[in-house]
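Next come the chains, spelled out residue by residue.
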Amino acid sequence: MPLHFALLLAMHVLSGLAAVLASGAVWLESLMAAPRVRRLHFFSVLSFLGYVVSWLSGGYYYVKYYGPAVKPVIKAGSFPLAHAIGIELKEHVFLFLPFLALTLCCAVWMTEGGKKELAAGRKAVAALAGTSVFLGTLVSLLGIAVSGAVR
Amino acid sequence: MSWYPLLTIVHIIGTVLGVGGATFGEVLYLRAIQDGKIDDVERGFLRLTLTTMRVGLILLVLSGFGYLLAFRLAGDTMRLYNPVFWAKMTIILVLVLNSFLLHLRRIPVGIGGALSFTSWYAALILGSWRGLQASYGSILLAYAVAAVLTGVVLRLLDRAARPRSSKR
């Protein structure tokens, strides 16, 4: 694999991982009795940036290298479903994951005000963050399955 | 340049911190409840072991994904469909989720502690046992049985450690 595509793949994986971990931190913090607002702000922004970098690096890699060089190998190999299901799922979930992270970011930064607003906002933030963690984990596991099919 | 030595070092450090933290967490807890209560100093030590485990888990996850990336880039992708590998990944997911639930106090400490202890040792064993041939289902079944047995043993140790007046 050419070096620049290897670097893009590494960037895709590591920034995605950072985004999922950061979403996890937001989820955890939003469920605490007294969430630390600065941490919520920091990790929500980190999550969004992580997903965007992963999105862009993965997208470029997918179009320029995966399509012509990797997809035919998977489809001709023993696990063609890795592309048919794995990549297709990843593609479609990743269409909206960065926007989900952006929504989470906005929700976290806008959840100010009195205790009542904070309490209501926190539940929504927790639900959103939890969804982001679940989908991010799913996409990561699918990525491993797709990589394993490249033989 | 090979990344494997660095990844191995970080992965081992993560495992050591996690397994060590889980072990000493139980040892310190059993020591702390001998007088029937956990004071502030003891609570501080227990929190420290939790933090150590969390750091270990993060190092483990980061280096683990580093390994996966290295395997992919080296074309060594056969490992990624190994049932032992997927069993280990499942156990790590259980560990992460359990860690969340324990932190948020959404799971009884007795259950969460046993699950944490078993999961760390299971991950260590699966990572170290080269050439293990077992199905995904059989590994998880053994893990579930081990978790239940660990819970029972820790509960018995807990009762034995407490002062006579607080035993039921």
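Residues numbered from 1 in each chain as written. Chains lettered and ligands numbered in written order. Predicted model: local features only at pLDDT ≥ 70, side-chain atom pairs only at ≥ 80, totals over all residues. Heavy atoms only, no water.

This brings us to helix H4 (residues 109-128) of chain B. Residue and element names in this part refer to chain B. An ideal rise of 1.5 Å per residue puts 28 Å on 20 residues; H4 measures up with 28 Å between its terminal C-alpha atoms. Three or more residues of H4 are buried, namely Gly112, Gly113, Ala114, Ser116, Thr118, Ser119, Trp120, Ala122, Ala123 and Leu126. Contact partners of the buried residues in H4: helix H1 (4-32), helix H2 (40-74), helix H3 (83-103) and helix H5 (136-161). (Helix = DSSP H or I, 4+ residues; strand = E, 2+ residues; numbered from the N terminus. Expected span 1.5 Å × (residues − 1). Buried < 20%, exposed > 50% of the residue type's maximum accessible area, 1.4 Å probe, protein only. Contact = heavy atoms within 4.5 Å.)

On the secondary structure map, B:Asn98 appears in helix H3. Excluding its chain neighbours within four sequence positions, the residues that come into contact with B:Asn98 are B:Ile107, B:Gly112, B:Leu115 and B:Ser116.

Its location among the elements puts B:Tyr81 in the loop between H2 and H3. Judged by relative accessible area, which is 24%, B:Tyr81 ranks as partly exposed. Setting aside its immediate chain neighbours within four residues, B:Tyr81 contacts A:Phe79, A:Ala82, A:Ala145, A:Gly148, A:Ala149, A:Arg151 and B:Trp86.

All names here are of chain B. With their axes 12 Å apart at the nearest point, H2 and H3 run at an angle of 150° to one another. In terms of their interaxial angle, H2 and H3 are classed as roughly antiparallel. For the crossing formed where H2 meets H3, the hand is left-handed. Counting all contacts with H2, which are made through Arg54, Leu57, Leu60, Val61 and Leu68, the residues of H3 involved are Phe85, Ile92, Leu95, Val96, Ser99 and His103. (Axes fitted to C-alpha atoms, helices over the stretch in contact; angles between N-to-C directions. Parallel < 35°, antiparallel > 145°, perpendicular 65-115°, else oblique. Left-handed = near helix turned anticlockwise from the far one by under 90°.)

Residues and elements named next belong to chain A. Taken as a whole and assessed by the stated rule, the structure comprises 14 aromatic pairs over all chains. Seen in terms of ring centroids, Phe5 and Tyr61 are 6.4 Å apart; in terms of plane orientation they differ by 70°. Their pairing is edge-to-face. Taken together, the residues span a long stretch of sequence, with Phe5 in helix H1 (residues 3-30) and Tyr61 in helix H2 (residues 37-76) at a distance of 56 residues. Pair check on accessibility: Phe5 and Tyr61 agree, each one buried. When the centroid spacing of 5.6 Å and the interplanar angle of 85° are considered together, the rings of Trp55 and Phe99 count as edge-to-face. Of this pair, Trp55 sits in helix H2 while Phe99 sits in helix H3 (residues 81-110), and the two are 44 residues apart along the sequence. The exposure class assigned to Trp55 is partly exposed, which follows from its relative accessible area of 30%. Counting every residue linked through ring pairs, the aromatic cluster contains Phe5, Tyr61 and Tyr65. (Phe/Tyr/Trp six-rings, centres within 6.5 Å; stacked < 30°, edge-to-face > 60°.)

This part takes up the confidence of the model for chain A. Here chain A averages 88 in pLDDT, and 93% of its residues register 70 or above. The lowest-confidence element of chain A is helix H4 (residues 115-148) of chain A, averaging 85 in pLDDT; the highest-confidence one is H1(A), averaging 93. (pLDDT = per-residue confidence, 0-100.)

Here the structure, examined in full by the defined rule, presents 4 salt bridges over all chains. One salt bridge in this structure joins A:Glu29 and A:Arg36, with 2.9 Å as the shortest N-O distance. Given the relative accessible area of 6%, A:Glu29 is considered buried. Judged by relative accessible area, which is 37%, A:Arg36 ranks as partly exposed. Here B:Asp40 makes a salt bridge to B:Arg43, at a shortest N to O gap of 3.4 Å. Here B:Asp40 pairs with B:Arg43, and both are found in helix H2, just 3 residues apart, close to one helical turn. Take B:Asp40: its relative accessible area is 66%, and that puts it in the exposed class. (Salt bridge = Lys/Arg side-chain N within 4 Å of Asp/Glu carboxyl O.)

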